[in-house]
Amino acid sequence: MAEDAAKEVENLKVDGEVADVVNPWEVTTSSATGVDYDKLVERFGSSKIDDELIARIEKVTGKPVHHLVRRGIFFSHRDMHTILTLYEQKKPFYLYTGRGPSSTSLHLGHLIPFIFTKWLQETFNVPLVIQLTDDEKFLWKDLSIDEAYRLARENAKDIIALGFDVNKTFIFSDLEYMGQSRAFYRTVCRVQKCVTFNQVKGIFGFGDSDCIGKISFPAIQAAPSFSSSFPEIFNKKADIPCLIPCAIDQDPYFRMTRDVAPRIGGKKPALLHSMFFPALQGAQTKMSASDPNSSIFLTDTNNQIKNKINKYAFSGGGATVEEHKEKGGNCDVDVSYQYLTFFMEDDAKLAEIKKTYTSGELLTGYLKKELIGILQPLVAAHRERRQKITEEEVTQFMTPRKLIYDY
Ligand code: TRP
């Protein structure tokens, strides 16, 4: 981002207060409890996922909603009611999500949208396309084209290791698929024609000194929202609606996409937005792959996991045991508790922990031990599954082809 534009975004004021910074490149807030998500919903013009929507999801799917929704981690949406109506009417839609491959090893935060996407795919039984934006990382980072593509394939292994079904899932690298698919490039061009430089300046803060690759990139992230980009999967149908699970920082891309959709004869994509996965140091910022001590990586050993949590996980507990017993712990800022809400499946146990930590009965050390006990086996199992993924399997997932669905 150009410096001037970055400053402008940083100093954005809403109602006289300095607003949280939330864009695809930066997430920061001055508040220890993290980004004010209610204000974000208002600012972005999305809708909160409320009890009524959750009840409808459960009614339509006939099963309890995923704990990431129940606990408010996926907290915002656009047009989810439309998707549920399509599902009730047995009409088709598909899922689209993605990842910018900037490092070899993913961290825990990267898993969240994919874990939830897998649940969505299993629940609704629909095709899934996963965009690896190696072109984006080439343009934004100090990476060669070859390295960016290599990282895309490496990241695909982590995604595949989560257990996606190859018959229902297409994973693609932009650098590769753009050259393979006339349809994809044509969709990109249609989007490019509808968006002016002025508009992307306003949405993304691009400036006069940003390279033109960046300026046109949003069209490439928009294109997979339209089924016209995948003629093999959708039998050349251009009007199959799409649902995008993503972290809320990606919303600017899809506000732009929804704006152009009717003008290119496509459907506006629906969205499900998640909160950010906090850094070990606290919810002022999200986990970042470029700061190893802020994150737990999927390649970390059991010992590294234990040490990072014990050493860095910000505690909402009292400064001394006496103070903690007297005043209790604060779950709203306690990073170990926050992580438990993402990864502990047992609702009753989580509620008990919240109660006894808040009252001061449970000490921070117990919370950390509980978290370490969940994350060590989870990461170890992932590491093991990932090791077994072969280059052939990656190529299979990344080959443009018809999936098991007929259109
Ligand atoms: N830009 C995203 C990133 O840097 C990657 C991405 C592409 C994506 N398409 C997406 C994320 C759709 C969510 C949904 O991580």
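Right above here is the structure, for reference.
Residues numbered from 1 in each chain as written. Predicted model: local features only at pLDDT ≥ 70, side-chain atom pairs only at ≥ 80, totals over all residues. Heavy atoms only, no water.

Engineer: Describe the packing of helix H17 (residues 335–343) against helix H19 (residues 364–387), naming the residues involved and giving the relevant values.
Structural biologist: Following both chains from N to C, one finds H17 and H19 inclined at 40°, their axes separated by 9 Å at the closest point. Taken together, H17 and H19 sit at an angle that is classed as oblique. Judged by the sense of rotation from one axis to the other, the crossing of H17 with H19 is left-handed. Contacts between H17 and H19 involve Ser336, Tyr337, Tyr339, Leu340 and Phe343 from the former and Leu367, Lys368, Glu370, Leu371, Ile374, Leu375 and Leu378 from the latter. Looking at the contact of H17 with H19 residue by residue, the classes come out as nine nonpolar, one polar and two charged. (Axes fitted to C-alpha atoms, helices over the stretch in contact; angles between N-to-C directions. Helix = DSSP H or I, 4+ residues; strand = E, 2+ residues; numbered from the N terminus. Parallel < 35°, antiparallel > 145°, perpendicular 65-115°, else oblique. Left-handed = near helix turned anticlockwise from the far one by under 90°. Contact = heavy atoms within 4.5 Å. Nonpolar A, V, L, I, M, F, W, Y, C, P; charged D, E, K, R; others polar.)

Engineer: Outline empty space enclosed by the protein, listing residues and values.
Structural biologist: For the structure shown, the criterion picks out one cavity of 30 Å³ or more. In this structure, the largest cavity spans a volume of roughly 60 Å³. Considering each element in turn, the lining of the largest cavity owes the most residues, four residues, to helix H6 (residues 108–124). Residue classes in the lining of the largest cavity are distributed as eleven nonpolar, no polar and no charged. (1 Å grid on protein atoms, 1.4 Å probe; cavity = no way out; pocket = protein on both sides within 12 Å on 5 of 7 lines; lining within 4 Å. Points joined across faces, edges and corners; volume = space filled by probe spheres on them.)

Engineer: Provide a residue-level description of the site of the ligand, including the pertinent values.
Structural biologist: Neighbouring residues of the ligand: 14 residues in total, closest Tyr96, Gln131, Glu136, Gln221 and Gln250. With respect to the ligand, the side chain of tyrosine 96 contributes an N or O atom lying 2.9 Å from a nitrogen atom. Between the ligand and glutamine 131 there is a distance of 3.0 Å, counted from a nitrogen atom to a side-chain nitrogen or oxygen. About the coverage of the ligand: the protein hides 89% of its 370 Å² of free accessible area. Under a 2 Å grid-point criterion requiring more than half of the atoms, the pocket assigned to the ligand is the largest pocket. By residue number, the principal contributor to the shell around the ligand is strand E7 (residues 94–99), which donates four residues. When its residues are assigned to classes, the shell around the ligand shows four nonpolar, seven polar and three charged. (Near = heavy atom within 4 Å. Polar contact = N/O pair within 3.5 Å; in protein donor to acceptor, adjacent residues only side chain to side chain. Areas by Shrake-Rupley, 256 points an atom, 1.4 Å probe, with all protein chains shown as cover. Sits in = over half its atoms within 2 Å of the grid points.)

Engineer: So what about the layout of surface pockets? Which residues, and what values?
Structural biologist: In this structure, the largest pocket spans a volume of roughly 1,100 Å³. The wall of the largest pocket is formed by 43 residues, among which Arg99, His110, Asp249, Gln250 and Lys286 lie closest to the centre. Top element by residues in the lining of the largest pocket is H6. It accounts for five residues. Of the residues belonging to the lining of the largest pocket, the class tally is 19 nonpolar, 17 polar and seven charged. Roughly 890 Å³ of volume is contained in the second largest pocket. Surrounding the second largest pocket, 40 residues form its lining, Thr33, Gly34, Val35, Asp36 and Tyr37 being those nearest its centre. Breaking the lining of the second largest pocket down by element, the ones donating at least two residues are strand E2 (17–18), helix H2 (37–44), strand E13 (282–286) and H17. Ranked by the residues each element gives to the lining of the second largest pocket, the list is headed by H2, at six residues.

Engineer: An account of the nonpolar core is requested, with residue identities and associated values reported.
Structural biologist: If you look at the biggest cluster of nonpolar residues, it comprises 69 residues, and the most contacted ones within it are Leu108, Ile171 and Ile296. The element best represented in this core is H6, accounting for eight residues. Grouped together as the second largest cluster of nonpolar side chains are 38 residues, Val129, Val188, Ile233 and Ile240 included. (Core = buried A, V, L, I, M, F, W, Y, C linked by side-chain atoms within 4.5 Å. Buried < 20%, exposed > 50% of the residue type's maximum accessible area, 1.4 Å probe, protein only.)

Engineer: Outline the pairing of strand E10 (residues 242–247), listing residues and values.
Structural biologist: Taken across its six residues, E10 has six buried, putting it largely inside the fold. Note that E7 and E10 share two bridges and pair parallel. Its bridge partner lying in E10, leucine 95 is registered against leucine 243. Sheet analysis places E10 next to strand E11 (residues 270–274), joined by five bridges and oriented parallel. The residue bridging proline 245 from the neighbouring strand is leucine 272, located in E11. For the handedness criterion, the β-α-β arrangement of E10, helix H14 (residues 251–260) and E11 is classed as right-handed. (Pairing = 2+ DSSP bridges. Right-handed = clockwise from strand over helix to strand, strands pointing away.)

Engineer: Go over unusual backbone geometry, please, and point to the residues and values.
Structural biologist: Phi is positive for aspartate 79, close to 60°, though the residue is something other than glycine. With respect to the helices, strands and loops of the structure, aspartate 79 is situated in the loop between strand E6 (74–78) and helix H5 (80–88). Judged by relative accessible area, aspartate 79 falls into the partly exposed class, the value being 32%.

Engineer: Give me the lowdown on the side chain of histidine 324, citing residues and values where you can.
Structural biologist: Tracing the backbone through its elements, the reader meets histidine 324 in helix H16 (residues 321–327). Non-local contacts of histidine 324, meaning those with residues more than four positions away in its chain, are made with Gly317, Gly318, Gly329, Tyr357, Gly360, Leu362 and Leu363.

Engineer: Can you lay out the environment of proline 400 for me, pointing to particular residues and giving the numbers?
Structural biologist: Within the secondary structure, proline 400 sits in the segment after helix H20 (391–397). When the C-alpha atoms of proline 400 and serine 181 are compared, they prove to be 8.5 Å apart, with 219 residues separating the residues in sequence. If sequence neighbours within four positions are ignored, proline 400 has contacts with Phe170, Tyr177, Gln180 and Glu232.

Engineer: Explain the pairing of strand E9 (residues 169–173) to me, using residue names and the numbers behind them.
Structural biologist: Taken across its five residues, E9 has five buried, putting it largely inside the fold. Neither face of E9 is open: one carries Thr169, Ile171 and Ser173, the other Phe170 and Phe172, and all of them are buried. Alignment of strand E8 (residues 128–132) against E9, held across five bridges, turns out to be parallel. Paired with isoleucine 130 across the strands is isoleucine 171, a residue of E9.

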